[in-house]
Amino acid sequence: MKPFLRQQLERFPIRLNELDFFLSQPEVVNDMERYRALTREHAEVSEVAGVFARFLQREQDAAQAREMLDDPEMAEMAKEELAALDTELPALENQLQTLLLPRDPDDTRNTFLEIRAGTGGDESALFAGDLLRMYTRYAERQGWRAEIVSESLGEVGGYKEVVVRMVGEACYGRLKFESGGHRVQRVPATETQGRIHTSACTVAALPEPDETQAVQINPADLRIDTYRASGAGGQHVNKTDSAVRITHIPTGIVAECQDDRSQHRNKAKALQVLSARIQEKERAERAAKEAATRKGLIGSGDRSDRIRTYNFPQGRVSDHRINLTLYKLGFVMEGDLDELVEALLLARKAEQLEELEVGMAFSPSPSGRGLG
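Residues numbered from 1 in each chain as written. Predicted model: local features only at pLDDT ≥ 70, side-chain atom pairs only at ≥ 80, totals over all residues. Heavy atoms only, no water.

Regular strands place their side chains on alternate faces of the sheet. In terms of burial, strand S3 (residues 159-167) is a largely internal element, 7 of the 9 residues being buried. Taken together, the 6 bridges between strand S1 (residues 111-117) and S3 define a ladder with antiparallel strand orientation. Considered in S3, the bridge of Ile-115 is made with Val-162. Two strands pair when backbone bridges link them, and strand S2 (residues 145-153) and S3 are joined in this way by 8 bridges, in the antiparallel orientation. Along S3, the bridge assignment pairs Arg-145 with Val-167. The hairpin formed by S2 and S3 contains 5 residues between the paired strands, and Gly-157 there has a positive phi angle of roughly 125°. (Buried < 20%, exposed > 50% of the residue type's maximum accessible area, 1.4 Å probe, protein only. Helix = DSSP H or I, 4+ residues; strand = E, 2+ residues; numbered from the N terminus. Pairing = 2+ DSSP bridges.)

Quick look at the structure:
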């Protein structure tokens, strides 16, 4: 284990004793807000301290086993124990590293996934449809539910823009690195001479806001328009103005919803999307300020960046942020995104560990899992 990690972990048992003392004080028990905060921190610190105690015990067991190697009667048993510890100790160290990393509180949230056609005209809209299918197939594999919130259909198929709500465990944590520019290289269905074209779409993954922590929007800052829904829907779409478009006047951010027959429910969903977009704007502004002090290769959320290329003639998909190329494009387009997602999560973990090592001297105490 790296010295900086051990030094960081040695703080947790000390902090745990401090928290035990604070939580036994009457003035803390009577202050419910402080008591809840300390209780949450106690649970987090206790988890890390417990795993670290097991790691230290297994380290001690390994030292004792190595001493037994010189005893002919105990050597065989010592070798077996060391072989088991050679597997367990790295696993415990990896678990501790993960526990030390700052957690994004939004990782467990549902997600609004926005896909917009970019350069490439009709082919870009068709590719937006392919991306939507890829993500909905991935959602099925994860056991999530996918709900289309709003859509603007392309002239020859696909979508000019589509917003889908992903509902399920750890949605945002696994989709947040999808934000950015997605480029496709292939022979379009509309191409008569077999030439390869390059088109692009942008994807944005937005965490669904917690209603208790959502940004406060002044109703006076909103312009709300209703209109008749387009697309499938039979006679209903021609008779009622159930679709809702909401514009946040100070920022110019717009959200709309047309998936429900109820104007009231469409308005509620559009407000959710609007809140998520405003929060994302604030998040992006903060990230831009922080970019000067960190690499930010993965989590910047800069939608103008080209993050991934889907090359159909070569059957490959390349993620440019982590220099990963997979020759399994067919599987990826069917929703097999696990290898890409896990590689991005692993790269972010390595980046966070580097930040943790650099910033360790500025962290006076272990306040929860994330010390940054």
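Turning our attention to the sheet that holds strand S10 (residues 316-319). If you trace the 8 strands from one edge of the open sheet to the other, you get S2-S3-S1-S5-S4-S9-S10-S11, paired in mixed fashion. Both edges of this open sheet fall to S2 and strand S11 (324-326), since each of them pairs with a single strand only. Across this sheet, the average inter-strand angle for adjacent strands is 15°, counted without regard to direction. As paired strands, strand S4 (residues 180-186) and strand S5 (residues 197-207) are joined by 7 bridges and run antiparallel to one another. Residue pairing for S5: Arg-183 is matched across the bridge by Ala-200. (Axes fitted to C-alpha atoms, helices over the stretch in contact; angles between N-to-C directions.)

For the protein, the mean per-residue pLDDT works out to 85, and 87% of the residues sit at or above 70. Throughout residues 232-238 the model reports pLDDT below 50, and contacts reaching past four residues in sequence, or to other chains, amount to 8 contacts. The low-confidence segment residues 367-372 (pLDDT under 50) makes 22 contacts with residues lying over four places distant or belonging to another chain. (pLDDT = per-residue confidence, 0-100. Contact = heavy atoms within 4.5 Å.)

Inspection of every chain in the model, using the stated rule, returns 30 salt bridges. A salt bridge links Glu-59 to Arg-6; its shortest N-O distance comes to 2.7 Å. Here the residue Glu-59 occupies a position in helix H4 (residues 32-68), and Arg-6 occupies one in helix H1 (residues 3-9), the gap between them amounting to 53 residues. A residue is classified by how much of its surface remains accessible, and Arg-6, at 22% relative accessible area, is partly exposed. Note that Asp-225 is salt-bridged to Arg-223, the shortest N-O span being 3.6 Å. Residue classification places Asp-225 among the partly exposed positions, given a relative accessible area of 28%. (Salt bridge = Lys/Arg side-chain N within 4 Å of Asp/Glu carboxyl O.)

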